[in-house]
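Overview (structure and organization)
In case you want the letters, here they are:
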Amino acid sequence: MSETIISLKNIDVSFVQKQRTINAVQDVSLDVNAGDVYGIVGYSGAGKSTLVRTINLLQEPTKGSVVVDGKTFFNKGEGSTKRIGKGQLRQERRKIGMIFQHFNLLNERTVAENVAFALEHSPLKEKERDAKVKELLALVELSDRAEQYPSQLSGGQKQRVAIARALANDPKILISDEATSALDPKTTNQILELLKKLNQEYGLTILLITHEMEAVKAIANKVAVMQDGQIIERGSLLDIFANPKETLTQEFIETTTNLNQTIKVISEQPFVQQLLPNEIFARLDYTGKSTNKALIASIYREYQVQANILYGNIEVLQGNEVGSLLVVLSGPAGNLQDAIADLVQQGVGVEILKGAKAL
Ligand SMILES: Nc1ncnc2c1ncn2[C@@H]1O[C@H](COP(=O)(O)OP(=O)(O)OP(=O)(O)O)[C@@H](O)[C@H]1O
């Protein structure tokens, strides 16, 4: 079992304004293990940024406790409040790097100076700092851009400078707040690949705050879905993708699969519109051991139920297959029902989309 590196307990954050109080985060608890890439997804305004800003106390919670790497940063319950001292917080914050959507680089400084800026309070000597900056720029593959200014770089390059800067103090944790949201899909993938490498090769724990489920799918091992200041669903990437319970989670997954849209298009085809009495149009969802070939073969062998595959999609999430098939199943009366019961028994999700009368 890996150790918990971030532990948020019962966090509330309220913003009191003249006319009203905004409860941006409401009773959120979250444990992140060392080595996790933890995706936090939600639409704009869900409270994602506010929540993660409590981790380094850029945002002080209204209530709750924040423990990072075994140190209590903040704890406020009924009556009493404990806060880590300012000096110690400054020290501890070095363990937590942050990157943002708009890079937040200093435009009047070169790439190398931007990275060196993060080392201003470091105990390193000048030569060691220079070496560190070189090493970081090599890591993000920008050695040849050291003397250029941010305005001379592409968005992806700017984000890589920001990553180098965030890593300057050898943090254990990197908070990525919508870091790929302003980038095109290809550049997004390059940045995600870099984050994955930092996680796998250097053991960096990453919090990936995003509204893009595709990014979560690419590199996260855990996911939390936020809505209206609360985490409404959480789990391993595989659990969430294979078995999303909340409508919002399903919506986010749909953005990566387009399956509902595909179902709509296929439903309009004549052979689905005009199903025969012994046919059903169904969606099969499976994970792990079952493969579509084995499923289809077994229902034919056991029940003489034929499957006409209209669409298939298989993804490999953290080494596990997650597949969906859209099929027209046809077979002798009674057998269809048995075949479906057998599939369900094998852990396959079966949704009858049309032709339930055949059962
Ligand atoms: N400093 C603040 N003062 C008042 N309200 C705030 C403040 N910061 C955030 N909010 C409000 O808190 C709610 C949550 O905002 P937050 O930025 O955490 O959401 P988010 O999920 O990160 O969305 P986005 O991706 O758009 O930033 C919003 O209603 C926002 O307007």
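Residues numbered from 1 in each chain as written. Predicted model: local features only at pLDDT ≥ 70, side-chain atom pairs only at ≥ 80, totals over all residues. Heavy atoms only, no water.

It is worth spelling out the overall build of the protein at this point. Along the protein, the regular secondary structure elements total 13 helices and 15 strands. When the backbone C-alpha atoms are referred to their principal axes, the protein occupies close to 80 × 55 × 45 Å. Sorting the 359 residues of the protein into buried and exposed places 47% on the buried side. Sequence-distant contacts in the protein: of pairs separated by 6 or more residues, those separated by 24 or more amount to 66%. A total accessible area of about 18200 Å² is found for the protein, and carbon and sulfur atoms account for 46% of it. (Helix = DSSP H or I, 4+ residues; strand = E, 2+ residues; numbered from the N terminus. Buried < 20%, exposed > 50% of the residue type's maximum accessible area, 1.4 Å probe, protein only. Contact = heavy atoms within 4.5 Å. Areas by Shrake-Rupley, 256 points an atom, 1.4 Å probe, with all protein chains shown as cover.)

Moving on to the sheet that holds strand β4 (residues 63-68). Strand order in the open sheet formed by 5 strands is β2-β1-β4-β5-β6, with antiparallel pairing between adjacent strands. With partners counted over all chains shown, the strands left at the sheet margins are β2 (21-33) and β6 (81-83), one partner each. Looking at each pair of strands side by side, their axes are set apart by 15 degrees on average, direction ignored. Bridge count for strand β1 (residues 4-16) against β2 is 9 bridges, and the pairing is antiparallel. If you follow isoleucine 11 over to β2, its bridge partner there is valine 28. (Pairing = 2+ DSSP bridges. Axes fitted to C-alpha atoms, helices over the stretch in contact; angles between N-to-C directions.)

Our next topic: the site of the ligand. Ser44, Gly45, Lys48, Ser49 and Thr50 are the nearest of the 13 residues found near the ligand. Relative to its unbound accessible surface of 620 Å², the ligand loses 61% to contact with the protein. Of all the secondary-structure elements, those providing two or more residues to the shell around the ligand are β2 and α1 (48-53). Residue contributions to the shell around the ligand peak at 3 residues, all from α1. (Near = heavy atom within 4 Å.)

The strand order across the open sheet built from 6 strands is β7-β8-β9-β3-β10-β11, with neighbouring strands paired in mixed fashion. Of all the strands in the sheet, the pair left with one neighbour each is β7 (96-100) and β11 (230-236). Neighbour-to-neighbour, the strand axes of the sheet open up by a mean angle of 15 degrees, direction not taken into account. Sheet strands touched by helix α6 (residues 185-202): β3 (37-41), β7, β8 (173-177) and β9 (205-210). Its angle to β9, the strand with the most contacts, is close to 155 degrees. Along the sheet, helix α9 (residues 247-257) makes contact with β3, β10 (222-227) and β11, crossing β10 at roughly 120 degrees.

By secondary structure assignment, the location of aspartate 36 is in the loop between β2 and β3. Relative accessible area serves as the criterion here: at 4%, aspartate 36 is assigned to the buried category. Filtering out sequence-adjacent residues up to four positions away, aspartate 36 remains in contact with Asn199, Leu204, Thr205, Ile206, Asn221 and Lys222.

As a further point, take the nonpolar core. Counting 51 residues, the largest nonpolar core has Leu137, Ile163, Leu195 and Met213 as its most contacted members. Dropping the residues within four chain positions of it, leucine 195 is found in contact with Ile99, Ile163, Leu174, Ser176, Ile206, Leu208 and Ile219. Among the nonpolar cores identified, the runner-up in size contains 31 residues, and Ala46, Val66, Met98 and Ile173 belong to it. (Core = buried A, V, L, I, M, F, W, Y, C linked by side-chain atoms within 4.5 Å.)

Taking a probe equal in size to a water molecule and rolling it over the atoms shows the remaining empty space. Counted by the stated rule, this structure contains 1 cavity of 30 Å³ or more. Computed from the structure, the largest cavity encloses a volume of approximately 30 Å³. If you trace the largest cavity, you find it lined by Ser176, Glu178, Ala179, Thr180, Leu208, Ile209, Thr210 and Ala215. With 3 residues, β9 is the single largest residue contributor to the lining of the largest cavity. Residues that form the lining of the largest cavity fall into these classes: 4 nonpolar, 3 polar and 1 charged. (1 Å grid on protein atoms, 1.4 Å probe; cavity = no way out; pocket = protein on both sides within 12 Å on 5 of 7 lines; lining within 4 Å. Points joined across faces, edges and corners; volume = space filled by probe spheres on them. Nonpolar A, V, L, I, M, F, W, Y, C, P; charged D, E, K, R; others polar.)

Right, let's talk about the pattern of salt bridges for a bit. Tallying each qualifying case throughout the model produces 14 salt bridges. With a shortest N-O distance of 4.0 Å, arginine 109 and glutamate 120 are connected by a salt bridge. Note that arginine 109 is positioned in the loop between β7 and α3 (111-117) and glutamate 120 in the loop between α3 and α4 (126-139), a separation of 11 residues in sequence. Each of Asp69, Lys71, Glu92, Lys95 and Lys172 takes part in one network of salt bridges that share partners. (Salt bridge = Lys/Arg side-chain N within 4 Å of Asp/Glu carboxyl O.)

Turning our eyes to something else, we now look at the side chain of asparagine 199. For asparagine 199, the location among the structural elements is in helix α6. A polar contact of 2.8 Å, which involves the side chain of asparagine 199, links it to the backbone oxygen of leucine 204. Excluding residues within four positions of it along the chain, asparagine 199 makes contact with Gly35, Asp36, Val37, Leu204 and Ile206. (Polar contact = N/O pair within 3.5 Å; in protein donor to acceptor, adjacent residues only side chain to side chain.)

To continue, consider the UniProt feature "domain: ABC transporter" (unreviewed entry) in the protein. With numbering aligned to this structure, UniProt lists the feature "domain: ABC transporter" (unreviewed entry) at residues 8-253. The annotated region residues 8-253 carries 35% helix and 29% strand content, and the separation between its end C-alpha atoms amounts to 26 Å. (UniProt positions renumbered as here; feature names shortened; annotations may be inferred.)

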